[in-house]
Amino acid sequence: MSFAAGVGFANVDLLYGGMSAIPQESEEIYARDFNMKLGGGIPATMINLGRLGVPVRLGSFTGHDFFSKFAEEKINETGVEYRNLYSGDGMPVTLTSAIITANDRAFVSYTDGAEINEKVMDDVYSVIKGAKVADMDANFIDAYKRAKADGTKLVFDMGWDGEMTLEKYKECLEIADFYTPNTKEALRITGADTVEKAADILSNYFEYVIIKLDKKGTIVKHNGKSTVIEPLPGITRIDSTGAGDAFMTGFLYGLYNDMDVCKCAAYGNVLGGLCVAGYGCLIDNLSEELVKEQVKKIL
């Protein structure tokens, strides 16, 4: 059976919404809203993808602590095929407190992490082996190299890294079929001062260069020609948490269904727009029918 796959660390988000400001030292500010949700990363991408009707295989790391149990329970509720790759006694999930103001957000996070050894790498490969498309995690590059050799299409994204360079992520960029940075990430990793210059540099690695432009949509560059895929119109941003993971959901959905790259990006824009219209990384009331209807507003 054809399926999509990904392995990544689970996150649990404590979301403090409607904050008037980010508190300074010794200050206390009450939030207008609070929620605890499964957070972003590859697990959120895979769960949203499964809700669009794509068969999904997800690997992650959940222990015996309260927040791991919460994450595992929420994952299992979604019905995706889940494999727990953790055998330690710590807290492998990342716990994040997100303070969300009208203008932006701030985070404090903690995790014990998980040891990545040869056995874990083999376990990761067992999850993604045979997948049609897969969401890459830089921690498991050796497993994804094996999947690439099997014919799996790989899409790479990452969280913000102030020290990102082309050399640091060379192995990931060389095996990925697609890379989906946002503007800030594209400028940082290439050292360029404009999106077009960054796209030119990334063209040395990819036939199709994809750069997310936040509320301006997504640029796709191919054979020297740049096309801007419009964002989903009529969206009021409430919380940007998980927007990049949601874009990845839409992009993988398109690839899984053999769409051209611009249409994949359009689906990414739709999922990203639906995500920021609510709190958290898992989109409320998500369905394949809803997404197809929303894509008509772009294409």
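Residues numbered from 1 in each chain as written. Predicted model: local features only at pLDDT ≥ 70, side-chain atom pairs only at ≥ 80, totals over all residues. Heavy atoms only, no water.

Time to look at the nonpolar core. If you look at the biggest cluster of nonpolar residues, it comprises 54 residues, and the most contacted ones within it are Leu49, Phe251, Val270, Leu271 and Val291. Excluding residues that lie within four positions of it along the chain, valine 270 makes contacts with Leu232, Val291, Gln294, Val295 and Ile298. The next biggest cluster of nonpolar side chains, apart from the first, holds 43 residues, and it includes Val124, Met136, Tyr179 and Leu202. (Core = buried A, V, L, I, M, F, W, Y, C linked by side-chain atoms within 4.5 Å. Buried < 20%, exposed > 50% of the residue type's maximum accessible area, 1.4 Å probe, protein only. Contact = heavy atoms within 4.5 Å.)

Pairing between the strands of a sheet is mediated by backbone hydrogen bonds and can be parallel or antiparallel. If you trace the 4 strands from one edge of the open sheet to the other, you get E3-E2-E6-E7, paired in mixed fashion. Strand pairing shows two members of the sheet lacking a second neighbour, strand E3 (33–38) and strand E7 (105–110), which therefore form its edges. Taken pair by pair, the neighbouring strands of this sheet meet at an average axis angle of 15 degrees, ignoring direction. With 6 bridges joining them, strand E6 (residues 94–101) and E7 adopt antiparallel strand pairing. The residue of E7 that forms the bridge with threonine 96 is serine 109. Lying on the sheet, helix H2 (residues 66–78) is in contact with strand E2 (11–19), E3 and E6; it crosses E3 at an angle near 75 degrees. (Pairing = 2+ DSSP bridges. Helix = DSSP H or I, 4+ residues; strand = E, 2+ residues; numbered from the N terminus. Axes fitted to C-alpha atoms, helices over the stretch in contact; angles between N-to-C directions.)

Here the focus is the packing of aromatic side chains. One pass over the structure, following the stated rule, counts 12 aromatic pairs. Geometrically, the ring pair formed by phenylalanine 9 and phenylalanine 140 is stacked, given 6.2 Å between the ring centres and 25 degrees between the ring planes. Remark: phenylalanine 140 occurs in the loop between strand E8 (133–136) and helix H4 (141–150) and phenylalanine 9 occurs in the loop between strand E1 (4–7) and E2; sequence separation between them is 131 residues. A relative accessible area of 18% means that phenylalanine 9 is categorised as buried. Classification of phenylalanine 140 by relative accessible area gives buried; the value is 0%. Between the aromatic rings of phenylalanine 156 and tyrosine 169, the centroid separation amounts to 6.2 Å while the plane-to-plane angle is 40 degrees, which identifies the pairing as tilted. (Phe/Tyr/Trp six-rings, centres within 6.5 Å; stacked < 30°, edge-to-face > 60°.)

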